[in-house]
Amino acid sequence: MIRIAKTSRLTTDEIIHRASTFFGEGGEGLKQTSRQDCCVSFAGGGGHVSVFVADDKTHRTVEVESREFEYQAKRFLESV
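A quick note: this is a predicted structure, and the numbers were derived from the prediction, not measured.

As for the state of the cysteines
Item 1. Inspection of the entire model under this criterion finds zero disulfides.
Item 2. C38 carries a free sulfur, and the closest cysteine sulfur to it, the one in C39, is 3.4 Å from it.
Item 3. On the basis of relative accessible area, C39 is assigned to the buried category, the value being 13%.

The structure is reproduced here in structure tokens:
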């Protein structure tokens, strides 16, 4: 299991949308299990991925928690 974070200048909506595209059916093929304004979660293949965004007006902190998709979680953070 991995839990990693970084800051981003993208909006919260953009980050959540990118996470859905990256990890969802068009990307890694995981099933979206929940989605809120600040976070989105996926499951499949014996693992899970959760993306959380904390908004601080000038930048966002993006945190990704993953099991079985550690490599993909790192790649996603590189894209935001």
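Looking at the sheet that holds strand β5 (residues 60–67)
Item 1. Pairing is antiparallel across the open sheet formed by five strands, whose spatial order is β1-β5-β4-β3-β2. Here the strands that pair on one side only, and so sit at the sheet edges, are β1 (2–8) and β2 (31–35). Across the sheet, the axes of successive neighbouring strands diverge by a mean angle of 15 degrees, strand direction being ignored.
Item 2. The sheet contact formed by β1 and β5 spans seven bridges and is antiparallel. From the neighbouring strand, S8 faces β5, where its bridge partner is R60.
Item 3. Most of the contacts of helix α1 (residues 12–23) go to strand β4 (residues 47–55), to which it runs at about 170 degrees, and overall it touches β1, β2, β3 (39–44), β4 and β5.

Some remarks on the pattern of salt bridges
Item 1. Across all of its chains, the model carries four salt bridges by this definition.
Item 2. Ionic pairing is found between E65 and R3, a salt bridge with its closest N-O pair at 3.0 Å. Linking E65 in strand β5 with R3 in strand β1, this pair joins segments that are 62 residues apart in sequence.
Item 3. D55 is the salt-bridge partner of R60, the closest N and O atoms lying 3.2 Å from each other.
Item 4. A single network of salt bridges, built from pairs that share partners, joins R3, E63 and E65.

What counts and how
- Residues numbered from 1 in each chain as written.
- Predicted model: local features only at pLDDT ≥ 70, side-chain atom pairs only at ≥ 80, totals over all residues.
- Heavy atoms only, no water.
- Disulfide = S-S within 2.5 Å.
- Buried < 20%, exposed > 50% of the residue type's maximum accessible area, 1.4 Å probe, protein only.
- Pairing = 2+ DSSP bridges.
- Helix = DSSP H or I, 4+ residues; strand = E, 2+ residues; numbered from the N terminus.
- Axes fitted to C-alpha atoms, helices over the stretch in contact; angles between N-to-C directions.
- Contact = heavy atoms within 4.5 Å.
- Salt bridge = Lys/Arg side-chain N within 4 Å of Asp/Glu carboxyl O.

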